[in-house]
Amino acid sequence: MRFYLTLIASALTHPRGVSSFAPNVKRPFSTIRPSSSPNALSMSDPDAINLGIFGGGTVGGGIVEILSQKSSYFRRLTGKTLRVRKICVRDASKPRDFALPDGCSIVTSYDDILDDDEIDIAVEVMGGTTDAKDVVFKALRAKKSVVTANKALIAKDLPEIETLLTELGEGETQFRYEAAVCGGIPIIRSMQSDFVGDDIKLMSGIINGCTNFMLTAMDRDKKSYDEALEQASKLGYAEADPTLDVGGFDARSKLKILMRLAYGIDVDENEISCRGITELTKIDFEYAKMLGGTIKLLGVAEKNDDGHVSAFVSPCYVTNDDPLSSVNGATNAIEIVSKNLVSSIYIGQGAGRYPTANSCINDIVALAKGDKTQLPFNPKSETRFANNYSSVFFLRLNYRDQVGITRQVGEICEKHDVSIHSILQNPVQKSQDSAFAIVTEKVEYAAILQVLADIEALSWCKGKPFYMPVLRENWQA
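For the structure given in this document, a descriptive report is provided here. (Residues numbered from 1 in each chain as written. Predicted model: local features only at pLDDT ≥ 70, side-chain atom pairs only at ≥ 80, totals over all residues. Heavy atoms only, no water.)

What about the overall build of the protein chain?
Of the regular secondary structure elements, the protein chain holds 14 helices and 18 strands. Relative to the 2.2 N^0.38 estimate, which gives 23 Å for 477 residues, the radius of gyration of the protein chain is 25 Å and therefore close to what a compact globule would have. With the C-alpha coordinates of the protein chain rotated into their principal frame, the extents come out at 85 × 45 × 45 Å. Across the 477 residues that make up the protein chain, the buried fraction comes to 55%. In the structure as shown, the protein chain presents an accessible area of about 20,800 Å², 49% of it carried by carbon and sulfur atoms. One way to put it: in the protein chain the 53 positive side-chain charges average out to a point 4 Å from where the 61 negative ones average out. (Helix = DSSP H or I, 4+ residues; strand = E, 2+ residues; numbered from the N terminus. Rg over C-alpha atoms; globule rule 2.2 N^0.38 Å. Buried < 20%, exposed > 50% of the residue type's maximum accessible area, 1.4 Å probe, protein only. Areas by Shrake-Rupley, 256 points an atom, 1.4 Å probe, with all protein chains shown as cover. Lys, Arg positive; Asp, Glu negative; His and termini not counted. Charge placed at Lys NZ, Arg CZ, Asp CG, Glu CD.)

Describing the pairing of strand β8 (residues 200–206)
The buried fraction of β8 is high, at six of seven residues. Pairing of β8 with strand β12 (residues 331–338), which is carried by six bridges, proceeds in the antiparallel orientation. Within the sheet, the bridge partner assigned to Met203 lies in β12 and is Ile336. In terms of strand pairing, β8 meets strand β10 (residues 293–303) through four bridges, oriented antiparallel. Bridge pairing in β10 links Leu202 to Glu302. (Pairing = 2+ DSSP bridges.)

Considerations on the pairing of strand β2 (residues 48–54)
With seven of its seven residues buried, β2 lies for the most part within the structure. In β2, alternate side chains face the same way, and those of Ala48, Asn50, Gly52 and Phe54 on one face and Ile49, Leu51 and Ile53 on the other are all buried. Across seven bridges, β2 lies against strand β3 (residues 81–88) in parallel orientation. The partner of Leu51 across the bridge, within β3, is Val84. Judged from the four bridges that link them, β2 and strand β5 (residues 121–124) form a sheet pairing that is parallel. Each residue of the ladder has a partner; that of Phe54, found in β5, is Glu124.

Digging into the sheet that holds strand β4 (residues 105–107)
Read from one edge to the other, the open sheet built from six strands follows the order β4-β3-β2-β5-β6-β7, with strand pairing classed as parallel. Taken across any chain shown, the strands that pair with only one partner, and hence form the sheet edges, are β4 and β7 (175–176). Packing of helix α12 (residues 353–368) onto the sheet brings it into contact with β2, β3, β5, β6 (145–148) and β7, and relative to β6 it is tilted by some 160°. (Contact = heavy atoms within 4.5 Å. Axes fitted to C-alpha atoms, helices over the stretch in contact; angles between N-to-C directions.)

Points about the packing of helix α1 (residues 58–69) against α12
The geometry of α1 relative to α12 is characterised by a closest axis approach of 8 Å and an angle of 60° between their N-to-C directions. What the angle tells us is that α1 and α12 run oblique. α1 and α12 meet at a crossing whose hand is right-handed. Taking contact as the criterion, the partners of Thr58, Val59, Gly61, Gly62, Ile63, Glu65, Ile66 and Leu67 in α1 are, on α12, Arg353, Tyr354, Thr356, Ala357, Asn358, Cys360, Ile361 and Ile364. Counted by class, the contact of α1 with α12 contains nine nonpolar, five polar and two charged residues. (Parallel < 35°, antiparallel > 145°, perpendicular 65-115°, else oblique. Left-handed = near helix turned anticlockwise from the far one by under 90°. Nonpolar A, V, L, I, M, F, W, Y, C, P; charged D, E, K, R; others polar.)

Any link to function would need more than the numbers given here.
What follows is the structure in structure tokens.
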């Protein structure tokens, strides 16, 4: 029996959108007195919570719009006036696609926000891992709570962030990052609160919208990789340099954060096996269809029977009856398999102006209500990471025709204790497209790499063999 938790948000657009500092004594949220006038909006409003936003682009503009549209509701909900006081941008003369709130100023110096004692919450939606790190760390040291959407920064510097928060102690300074993983899906809050009494066995997710859009185009619309990438770029799903997306690195950063929340382990990103979608061809989708499924780029982490955790980012074969197979376009989805809840699935928009801004707003409102999370990454554990995993594998081999190919492949697989489940071959239309596919039984990833290395060295093998895990061990059930 599966338990489905489906949360779907619609995105109107989808561009993605210092040295040591002496702490300032700031007024904690708990000491802000309720206003006698529910409509008090003056600059001296003792009930105001002042925000400084770093980044006035796609997401920053969405935050401002939502705060303006729902200001009265947020006032009733929190008892506070949420006021954007300053927005820091690179170019103050650049036109903005949102109305500037009353009393808000555009600034170009980070210190205009960081040195302002009246600002309670620093919202970082500027991106990057250099200036953004300086901004986040300096804001925390200045006793400002931080709301960020920066997955790359968190994945890279999580230990440093955690150390700083520990040094600051149990005070009013909070660190929130719901928007950093899967945009509008509230997966961070759920991992912090909904699985504390559970034991997570497996996480598998479509956690990059650009690549899921491209794979949908390649499967459903029969587009080539280049055609799918061109379409994704035109629609704003792909960056000018799409490497982080198509290479799987964006998904890997998100997976690392989820692994810390689920298993209490902090893994170097480079230790997580990461493969993108650049090697996929139409032939792979043809064979996937023949097997009764499709291909998705997934981030997967699993606790093994020995208690170790393994993880990878890779294209995966997924059967048509799998819940993740029907998640198409730029939509994200995460399935969490656990002891108590069995299977929980979260589906929604993974990026874009309003989905990402919505998650930032949720964090801001939670802070205004006085919610506290002293361990934003959940407690550490003694669980160990194993840089290997076991799976059924799909292999695609391009070849030059000659006698004895299948015999040689069988001998190599036997040499490395890899059992072959089946061999597939479609009729060859063009000699340059000559390829066949192999599906193995469950085997260790390390053994598959040895098999592929030996096959690639054979004279008939054309190019680097392609491989991908099969998501479910019981894929034929």
